[in-house]
Amino acid sequence: MAKLLDRASEKAAAHERLDFDEGVALLTEGETHVLAALAHKRRLHLHPEPVVTYIVERNINYTNACVTYCRFCAFYRAPGDKEVYVLSHEQIGRKIEELLEVGGIQILLQGGHHPDLPLTWYEDMLRYIKERYPVNVHGFSAPEIEHIAKVEELPVETVIRRLREAGLGTIPGAGGEMLVDRVRRIIAPLKTTTEAWIDVHRTAHRVGMRSTATMMFGHAETLAERVEHMERVRQLQDETKGFTAFILWTFQPENTAMWRYSKLESHQYLRTAAVARLYLDNVRNLQASWVTQGARVAEISLRCGVNDMGSTMLEENVVSAAGTTYALDGPGIERSIRMCGFEPRRRNVYYEAVLS
Amino acid sequence: MRAAPAPPRLSVPAVFRTSDILPQVEKALAGERLTFEDGVRLFQSEDVNALGWAANAVRERLHGNVAYYLKNRHINYTNICKYDCMFCSFYRKEGQEGAWLWSVDQVLEHVAPYKDKGLSEFHIVGGVHPTLPFSYYTDMLRALKREHPGVAIKAFTAIEIAYLAELTGKSLGDVLKELKAAGLDMVPGGGAEVFADRVRYKVCRDKADADRWFEVHETAHALGIPTNATMLYGHIETVEERVDHILRLRDLQDRTGGLKSYIPLAYHPDFNRLAKLGAPSGLDALRNVAVGRLLLDNVPHIKAYWIMLGVKVAQLALSWGANDIDGTVTWERIYHMAGAETPEGLTEERLREVIREAGREPVERDAFYNVAGSEGARGNPS
């Protein structure tokens with residue numbers, strides 16, 4: 001093991017590709033500060049400028065109705081529950097106007113897997129937004145798209161093309177959770193399989209869309225399975241080059257069916273972020289998860305491989321339903337970035353600089 | 001207990017060999033005492049990972065893989081204070097809305113549920129109340145000792161004790177002797193803030209100055225009362241003032257050996273007159289823990305006070321030089337009134353989980369850093 005670890009560290013320092021065993025060795029045995037330093041070194045190799053980016057974006061969750069019942073989720077309500085909501089076009093419009101007032105350029109539009117809404121409902125929502133507002137819609141997720149395809153009995157590719165024509169810009173990596181079917185069967189037995197998640201993203205990339213990849217960890221997975229997840233993402237990225245960023249966060253157990261799981265704080269977060277930076281040599285950007293980790297740990301992660309502070313969110317309904325409520329606005333994010341010795345820079349979904 | 005020179009088996013990892021603080025890292029590794037200039041360099045360096053590695057090496061040399069916690073309970077008996085420190089969100093004036101003062105009976109009532117629950121320590125600090133008689137303090141200690149004989153009492157910052165001397169016209173030695181006779185076991189590290197006169201004049205000019213703080217601690221040590229020391233960082237102090245603060249503590253420890261732990265405290269910005277400063281960064285939190293560990297080669301323990309740092313940063317601090325995460329606490333007001341988002345208490349089970357996630361072995365201690373339940377331990381661990 002020591003030899004494997006040494007080789008992994010040397011390869012990481014030389015910016016060479018790590019194999020699976022080396023990734024596992026680093027995550028399992030790597031000394032925390034060395035991992036952080038190697039990841040920071042890699043980050044500077046990829047992004048030599050002392051800049052940390054972020055995007056002014058708002059979350060909009062169009063419905064909380066969901067028939068997938070993931071055990072890790074505190075946000076969904078079963079159809080028929082009195083707390084079920086579906087946002088109207090006007091409600092969505094008002095939320096976007098609030099975003100535009102603070103200089104926002106993108107919405108993260110996501111919802112539960114509603115049993116009845118037809119594809120035309122989603123198309124109408126997208127057209128309503130795009131006809132009125134100059135925002136990128138970073139929307140849905142592989143499981144939502146697969147769900148719509150099932151409801152409509154249409155191929156995934158048709159759904160993606162139609163959503164795109166209606167105004168969908170890019171697709172978030174949500175629903176990735178842990179791209180290991182053993183784990184998915186435990187935490188989300190009714191949700192998209194690993195293969196199906198990969199396939200939605202592959203299809204989206206093939207039709208010319210970009211997407212992100214995410215990982216939710218700190219529940220039923222092993223350390224090796226975290227690396228397996230990274231491996232799946234890296235393989236698809238070799239094939240398509242369609243991922244703009246990798247985003248990892250820790251499972252928040254409160255109010256979920258998995259409340260008995262011991263919540264990870266930050267130690268594992270930092271180590272896993274560092275290994276992700278080293279392992280995913282073909283994904284340019286690594287986002288901080290201040291939503292689950294808070295501003296202070298997000299700041300620390302900027303010396304640990306992370307080069308992007310994510311988004312301003314404005315409203316956050318999923319993680320906060322699980323009892324975790326951190327808030328950061330644009331000025332707060334910029335202050336965090338500056339305190340850590342970097343220049344803040346606003347970006348768009350493609351990580352291109354935009355004027356503040 | 002200055003650390004002996006390290007055995008030469010640890011060598012600096014390749015990734016840190018180009019670090020701007022390599023000379024300081026190597027000195028620390030060799031067990032050499034760091035200078036003022038070294039301290040400044042460490043604070044100024046952006047290489048918080050090399051810094052953490054070095055502090056962790058020293059921490060593991062002293063304490064192995066152990067991280068301490070304890071079962072404790074805070075008692076903030078009053079928030080009424082004659083002083084007006086700029087960084088404080090806790091204090092009120094007499095009669096002001098939100099002011100409180102507990103009678104000795106009320107103090108007992110508040111802690112009654114903890115009787116025979118294996119508590120190791122009461123941590124008692126309050127505002128500097130303008131009119132309470134000295135007997136209030138000794139009565140409170142005696143009553144607590146009577147009701148909770150197994151629980152160590154860590155009480156009253158140097159600021160409160162200096163005021164009691166002023167109030168009674170007694171010497172510090174006499175005040176401390178009487179407090180000790182009434183049940184005082186230990187003096188907490190608060191009120192140190194930043195020792196530099198320039199800073200104290202701006203943020204807490206009314207209260208005891210640095211010399212007086214040291215007199216209280218030195219007197220306590222002479223009477224066999226161990227103490228802690230803090231530094232409230234992240235407001236208007238300079239890096240040089242931080243290092244000066246830490247080195248003054250090192251000098252005290254060289255003279256007396258009475259300091260048990262050093263606790264860097266992050267300034268909390270809400271609801272006080274320094275609010276516009278905002279909170280210091282997470283990197284700064286780790287830096288303060290690590291530099292504290294490296295400069296204070298003669299202080300045994302570095303505490304990552306989770307109430308103040310947040311659970312997450314405190315957990316990381318266990319790899320950046322800290323070997324103690326403080327306790328279960330329950331009912332903390334001083335930092336919560338300044339906007340701390342931490343819970344006001346953690347269960348023992350949760351504290352142990354947090355320590356384990358950091359790869360450390362949780363060990364319950366008593367107020368004096370004896371392993372709880374061990375021979376020589378005080379307190380009443382279950």
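Model, not experiment: these values are computed from the prediction.

A. Layout of the overall build of chain B. Of the regular secondary structure elements, chain B holds 14 helices and nine strands. In terms of overall size, chain B behaves like a compact globule, its C-alpha atoms giving a radius of gyration of 20 Å where 382 residues would be expected to give roughly 21 Å. Along the first, second and third principal axes, the C-alpha set of chain B runs to 60 × 45 × 40 Å. In chain B, which comprises 382 residues, the share counted as buried stands at 64%. Split by element, the accessible area of chain B, about 13500 Å² in all, is 51% carbon and sulfur. Side-chain charges in chain B split into 46 positive and 51 negative, and the spacing between the mean points of these groups amounts to 1 Å.

B. Examining helix 3 (residues 48-63) of chain B more closely. Its 16 residues give helix 3 of chain B an end-to-end C-alpha distance of 21 Å, which sits within 8% of 22 Å, the value for a rise of 1.5 Å per residue. Judged by how many residues are buried, helix 3 of chain B sits mostly within the fold: 13 of 16 residues are covered.

C. View of the interface of chain A and chain B. Contact residues are listed per partner, giving 28 residues for chain A and 30 residues for chain B. Contact with chain B buries area across many residues of chain A, yet A:His33, A:Glu265 and A:His267 alone supply 28% of it, more than any other trio. Residues B:Lys312 and A:Glu265 are paired through a salt bridge, measuring 3.0 Å at the closest nitrogen-oxygen approach. In this assembly, chain A and chain B are joined by 18 residue pairs in polar contact (both at pLDDT 80 or more). Listed by contribution, the elements that provide at least two residues to the side of chain A that touches chain B are helix 3 (32-46), helix 11 (267-279), helix 12 (290-301) and helix 14 (330-339) of chain A. With seven residues, helix 3 of chain A is the largest single contributor of residues to the side of chain A that touches chain B. Here the side of chain A that touches chain B is built from residues that sort into eleven nonpolar, nine polar and eight charged.

D. Structural view of the sheet that holds strand 6 (residues 259-266) of chain B. Residue and element names in this part refer to chain B. Across the sheet, three strands lie side by side as 5-6-7; this open sheet has parallel pairing. Two strands in the sheet have a free side with no partner beyond their single neighbour: strand 5 (227-233) and strand 7 (301-302). The pairing of strand 6 with strand 7 spans two bridges and is parallel. When the bridges of strand 7 are listed, Tyr262 appears paired with Ile302. Sitting on the sheet, helix 9 (residues 210-222) touches strand 5 and strand 6, and the angle it makes with strand 5 is about 160°. Along the sheet, helix 10 (residues 239-256) makes contact with strand 5 and strand 6, crossing strand 5 at roughly 175°.

E. Structural context of the environment of B:Tyr69. All names here are of chain B. Relative to the elements of secondary structure, Tyr69 occurs in strand 1 (residues 66-70). Judged by relative accessible area, Tyr69 falls into the buried class, the value being 0%. It is 5.5 Å that separates the C-alpha atoms of Tyr69 and Ile325, two residues lying 256 residues apart in sequence. Once residues lying within four places of it in the same chain are set aside, the contact partners of Tyr69 are Asp324, Ile325, Asp326, Glu348, Leu351, Arg352, Ile355, Pro362, Val363, Glu364 and Arg365.

F. Broad picture of the environment of A:Met230. Residue and element names in this part refer to chain A. Among the structural elements, Met230 can be located in helix 10 (residues 223-240). A C-alpha to C-alpha distance of 9.2 Å links Met230 and Phe246, two positions 16 residues apart in sequence. In this structure Met230 touches Met215, Phe246, Thr272, Val275, Ala276, Tyr279 and Leu280, once residues within four positions along its chain are discounted.

Calculation criteria
- Residues numbered from 1 in each chain as written.
- Chains lettered and ligands numbered in written order.
- Predicted model: local features only at pLDDT ≥ 70, side-chain atom pairs only at ≥ 80, totals over all residues.
- Heavy atoms only, no water.
- Helix = DSSP H or I, 4+ residues; strand = E, 2+ residues; numbered from the N terminus.
- Rg over C-alpha atoms; globule rule 2.2 N^0.38 Å.
- Buried < 20%, exposed > 50% of the residue type's maximum accessible area, 1.4 Å probe, protein only.
- Areas by Shrake-Rupley, 256 points an atom, 1.4 Å probe, with all protein chains shown as cover.
- Lys, Arg positive; Asp, Glu negative; His and termini not counted.
- Charge placed at Lys NZ, Arg CZ, Asp CG, Glu CD.
- Expected span 1.5 Å × (residues − 1).
- Contact = heavy atoms within 4.5 Å.
- Buried area = accessible area lost by both parts, 1.4 Å probe.
- Salt bridge = Lys/Arg side-chain N within 4 Å of Asp/Glu carboxyl O.
- Polar contact = N/O pair within 3.5 Å; in protein donor to acceptor, adjacent residues only side chain to side chain.
- Nonpolar A, V, L, I, M, F, W, Y, C, P; charged D, E, K, R; others polar.
- Pairing = 2+ DSSP bridges.
- Axes fitted to C-alpha atoms, helices over the stretch in contact; angles between N-to-C directions.

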